[in-house]
Every structure is written in structure tokens, then in C-alpha cells.
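Next come the chains, spelled out residue by residue.
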Amino acid sequence: MSAQVTHHSKDQEFTIEQDGYTAELAYSLPAAGIIDFTHTFVDELLRGKGMGEELAKAGLAYARQQKLKVRTSCAFMQDFVQKHLQYQPLLDDATGQK
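Report on the accompanying structure.

So, how was this worked out
Residues numbered from 1 in each chain as written. Predicted model: local features only at pLDDT ≥ 70, side-chain atom pairs only at ≥ 80, totals over all residues. Heavy atoms only, no water. Helix = DSSP H or I, 4+ residues; strand = E, 2+ residues; numbered from the N terminus. Buried < 20%, exposed > 50% of the residue type's maximum accessible area, 1.4 Å probe, protein only. Contact = heavy atoms within 4.5 Å. Areas by Shrake-Rupley, 256 points an atom, 1.4 Å probe, with all protein chains shown as cover. Lys, Arg positive; Asp, Glu negative; His and termini not counted. Charge placed at Lys NZ, Arg CZ, Asp CG, Glu CD. Pairing = 2+ DSSP bridges. Axes fitted to C-alpha atoms, helices over the stretch in contact; angles between N-to-C directions.

Tallying secondary structure elements over the protein gives two helices and five strands in all. Along the protein, helices (α) and strands (β) appear in the sequence β-β-β-β-α-β-α when read from the amino end. Seen through its C-alpha atoms, the protein measures out along the principal axes to roughly 40 × 30 × 20 Å. Relative to its 98 residues, the protein shows a buried fraction of 38%. Taking the contacts inside the protein whose residues are at least 6 apart along the sequence as the reference set, 41% of them involve residues at least 24 apart. Surface accessibility of the protein: about 5700 Å² in total, with carbon and sulfur atoms responsible for 46%. Computing the positive centroid from 10 side-chain charges and the negative centroid from 13, the protein places the two 8 Å apart.

Another aspect to go through is the environment of F80. Tracing the sequence through the fold places F80 in helix α2 (residues 75-83). Residue class for F80 comes out buried when judged on its relative accessible area of 4%. Separated by 24 residues in sequence, F80 and A56 have C-alpha atoms that sit 7.5 Å apart. Once residues lying within four places of it in the same chain are set aside, the contact partners of F80 are E53, A56, K57, L60 and Y87.

Positive phi is not limited to glycine here, since Q12 has a value of about 55 degrees. Tracing the sequence through the fold places Q12 in the loop between β1 (6-8) and β2 (13-18). Overall, the relative accessible area of 26% leaves Q12 in the partly exposed class. Unlike most non-glycine residues, K67 shows phi in positive territory, near 60 degrees. In this fold, K67 is placed in the loop between α1 (51-65) and β5 (69-72).

All right, on to the sheet that holds β2 then. One open sheet accounts for five strands, arranged β1-β2-β3-β4-β5; its pairing is mixed. Of all strands in the sheet, those bounded by a partner on one side alone are β1 and β5. Across the sheet, the mean angle separating the axes of adjacent strands is 25 degrees when strand polarity is ignored. Bridge analysis of β1 against β2 gives three bridges, and the strand direction is antiparallel. Note that in β2 the partner of H8 across the bridge is E13. Here α1 sits on the sheet in contact with β1, β2, β3 (21-31), β4 (34-42) and β5, set at roughly 145 degrees to β2.

Right, dumping it as C-alpha cells:
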């Protein structure tokens, strides 16, 4: 299932709204050229529908497009990147999260 992800750069988050429920991936920009995915939340009624994965893909696509190195303070994002090898080159080497 492909959901519509919206990027709110002012709020530093990617969101999905469906049936009145929300999923979000928050990030920060701690240094020039770095994006840190800090938190993922999926409303209980949206869980198990791939919303977290859609958010992760959108956030990582944004990082790639903007030529940003990725940090994964969020455990979900860290696990996602570890399971999807194509995103590992985006990781910021300084974090040691590989």
C-alpha cells in the first residue's frame, strides 16, 4: 500500500494522514549537510499497514536528493537502514551507526 507522504520542512517532519489518523517521522538538522531522523510515531489504528516504511523511504529519498548524510537517533530508522542496504551509503560515518 502506497500512502501519500507530506513533507513539512518548517516543522521538520514527514507525515501521513489517513482516515483521521496520523503517522509521522520527525527529524532535525544538527549540522550542515546532516539530517538526523529522531522519532517515528504511527497511530495505533494505522500500525501494521506499512506507514512507517513509507515515511522512512520518503525521508531517506529526501536526504539523498538534498545530498545529506543521515543519522538515525530513532530506533525504527536505525533498524530500517540496517535492513535495507541501499540506504547505508547515506549514513554519516561519524555516528558509527552502520
